[in-house]
Amino acid sequence: MAFRSGRVALIGKPNAGKSTLLNRMVGQKVSIVSNKAQTTRRRVLGILTTPEYQVAFVDTPGVHEPHTRLGRAMVEAARNSLTEVDLIVFVADGSKRPDNDDAEIIRMVHSVPKPRRVPVLVCVNKMDRLRPEHVQRTVDHFVQALDAEDFMLTVATDGQNVDKLLRQIVDRLPEGPPLYDEDEFTDQSSRFMAAELVREKVLQATRQEVPHATAVVVDAWDEPNDPDGLVSISASIIVEKESQKAILIGRQGRFIKAIGTKARQEIEQLLGRRVFLELFVKVREDWRMSPRMLHELEYLE
Ligand SMILES: Nc1nc2c(ncn2[C@@H]2O[C@H](COP(=O)(O)OP(=O)(O)O)[C@@H](O)[C@H]2O)c(=O)[nH]1
Ligand SMILES: [Mg+2]
């Protein structure tokens, strides 16, 4: 069989499990995951290459009503991805009833003019939380609303049916040569991914307004030539208020220390090298409104 390759957009409302699904399919952690809405802030590319095919997945920020400049950039990133791909996988949250947020994304898919519209697959994820009597209704709803070619029920967290979904995807890819090097698995820099891993640990450990108010930027990265030497990374966690800074530092700095330890372990896995990670917390009011800050954080393209 001829080699197949193409781009596939993962779209769906915040928290549906898009990033978890992406990491599963790529077999590498390329996109951070938490139970907070809007964990993914920009487009993330995850590439899977086998001897038969290459799939470049585009993980998008969940679409939502944007209130800030960051929010607008996130929705824009999701919308742009729809016309730059060969296939769309609409990821639905099977633990919830179809709602307005789903409808909004379905409208977005339909807003692409017909000649540029691409085939859609429906993935009803979190089927471990889907009541059996609701399966048929949920699937029918999304397949009809999106005029989808096929569907799959998945549990992204344990990988159930993810291989079958992948098969459905590959079967719809055009024949052609690979678009990316076979050893590439993302388009993100190690620097950006390290910042994201720190942010993931913050999101997983905090609540309410802190996750949305947090950004992370790597300030310094020192990689010695000796492969056994420590990679020294210094990063700033940016928040909007002094009270948030106090939460993140914690009593006697214990909170930030725990975050640093968890993040360092994952960065070491990512780089395959030992890491010294130094974290600072800084207050920047309104960073989500500032184009300069959003550029520095690589959220604006
Ligand atoms: N029960 C269950 N939880 C899931 C499943 N897939 C993802 N999750 C959880 O749902 C939350 C959101 O996942 P994430 O991948 O960040 O969603 P995204 O916003 O669509 O990218 C995380 O806490 C995941 O662990 C699933 O199949 N079943
Ligand atoms: Mg995500």
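Because the structure is predicted, anything quoted here is derived from the model rather than measured.

Thresholds, definitions, all that
- Residues numbered from 1 in each chain as written.
- Chains lettered and ligands numbered in written order.
- Predicted model: local features only at pLDDT ≥ 70, side-chain atom pairs only at ≥ 80, totals over all residues.
- Helix = DSSP H or I, 4+ residues; strand = E, 2+ residues; numbered from the N terminus.
- Rg over C-alpha atoms; globule rule 2.2 N^0.38 Å.
- Buried ≥ 20, exposed ≤ 12 C-beta atoms within 10 Å, placed from the backbone.
- Contact = placed C-beta atoms within 7 Å.
- Core = buried A, V, L, I, M, F, W, Y, C linked by C-beta atoms within 7 Å.
- Domains from an automatic or database assignment.
- Near = placed C-beta within 6 Å.
- Nonpolar A, V, L, I, M, F, W, Y, C, P; charged D, E, K, R; others polar.
- Pairing = 2+ DSSP bridges.
- Axes fitted to C-alpha atoms, helices over the stretch in contact; angles between N-to-C directions.
- Left-handed = near helix turned anticlockwise from the far one by under 90°.

Caption draft 1: Representation of the overall build of the chain. In terms of helices and strands, the chain carries ten helices and nine strands. Taken over C-alpha atoms, the radius of gyration comes to 20 Å for the chain, in line with the 19 Å a tight globule of 301 residues would show. Principal-axis analysis of the C-alpha atoms places the extent of the chain at approximately 55 × 45 × 35 Å. Here the chain, with 301 residues, has 39% of them falling under the buried criterion. Nonlocal contacts in the chain, meaning residues at least 24 apart in sequence, comprise 70% of its contacts between residues at least 6 apart.

Caption draft 2: Expanded view of the nonpolar core. Core analysis: the biggest nonpolar cluster contains 72 residues, and Val89, Phe90, Val122, Cys123 and Val198 have the highest contact counts within it. In terms of residue count, helix α6 (residues 190-205) provides more of this core than any other element does, seven residues in total. When residues of this core are assigned to domains, at least three fall in each of domain 1 (4-171) and domain 2 (190-296). In this structure, Val198 is in contact with Val216, Ala235, Ile237, Ala263 and Leu279, ignoring residues within four places of it in sequence.

Caption draft 3: Main features of the site of ligand 1. Taken together, 21 residues form the shell around ligand 1, and within it Gly17, Lys18, Ser19, Thr20 and Ala156 come nearest. With three residues, the single largest contributor to the shell around ligand 1 is helix α1 (residues 18-26). Looking at side-chain class alone, the shell around ligand 1 contains five nonpolar, twelve polar and four charged residues.

Caption draft 4: Expanded view of the domain arrangement of the chain. Here the chain is partitioned into domain 1 (4-171) and domain 2 (190-296). Counting from both sides, the interface comprises ten residues of domain 1 and, opposite them, twelve residues of domain 2. Looking at the side of domain 1 that touches domain 2 residue by residue, the class counts come to four nonpolar, four polar and two charged.

Caption draft 5: Structural detail: the sheet that holds strand β1 (residues 4-11). Read across the open sheet, the six strands follow the order β2-β3-β1-β4-β5-β6; overall the sheet is mixed. With partners counted over all chains shown, the strands left at the sheet margins are β2 (44-49) and β6 (150-153), one partner each. Between one strand axis and the next, the sheet turns by 20 degrees as a mean value, whatever way the strands run. Where helix α4 (residues 135-146) meets the sheet, it contacts β4 (87-93), β5 (120-125) and β6, and its direction lies at approximately 155 degrees from that of β5.

Caption draft 6: Quick peek at the sheet that holds strand β7 (residues 215-222). Strand order in this open sheet of three strands is β7-β8-β9, and the pairing throughout is mixed. Of all the strands in the sheet, just β7 and β9 (275-283) have a single pairing partner and so form its edges. Strand after strand, the sheet turns through a mean of 20 degrees between neighbouring axes, direction not considered. Relative to the sheet, helix α8 (residues 242-249) contacts β8 (231-239) and β9, its axis offset from that of β9 by approximately 155 degrees.

Caption draft 7: Just the environment of Thr83, in detail. Position of Thr83 relative to the elements: it lies in the loop between α2 (69-81) and β4. A tally of 12 C-beta atoms within 10 Å means that Thr83 is categorised as exposed. C-alpha of Thr83 to C-alpha of Arg117: the two residues are 34 residues apart in sequence and 7.0 Å apart in space. With sequence-adjacent residues up to four places away left out, Thr83 is seen in contact with Val112 and Arg116.

Caption draft 8: Examining the packing of α6 against helix α9 (residues 254-271) more closely. At a minimum axis distance of 9 Å, the contact between α6 and α9 shows a crossing angle of 145 degrees. α9 is crossed by α6, and the crossing has right-handed handedness. Contacts between α6 and α9 involve Ser190, Met193, Ala194, Leu197, Val198, Lys201, Val202 and Ala205 from the former and Ile259, Lys262, Ala263, Glu266, Ile267, Leu270 and Leu271 from the latter. In terms of residue class, the contact of α6 with α9 is made up of eleven nonpolar, one polar and three charged.

Caption draft 9: Representation of the environment of Phe276 in the model. Checked against the element boundaries, Phe276 lands in strand β9. On a C-alpha basis, the gap between Phe276 and Ser232 in space is 4.7 Å, while along the polypeptide they are 44 residues apart.

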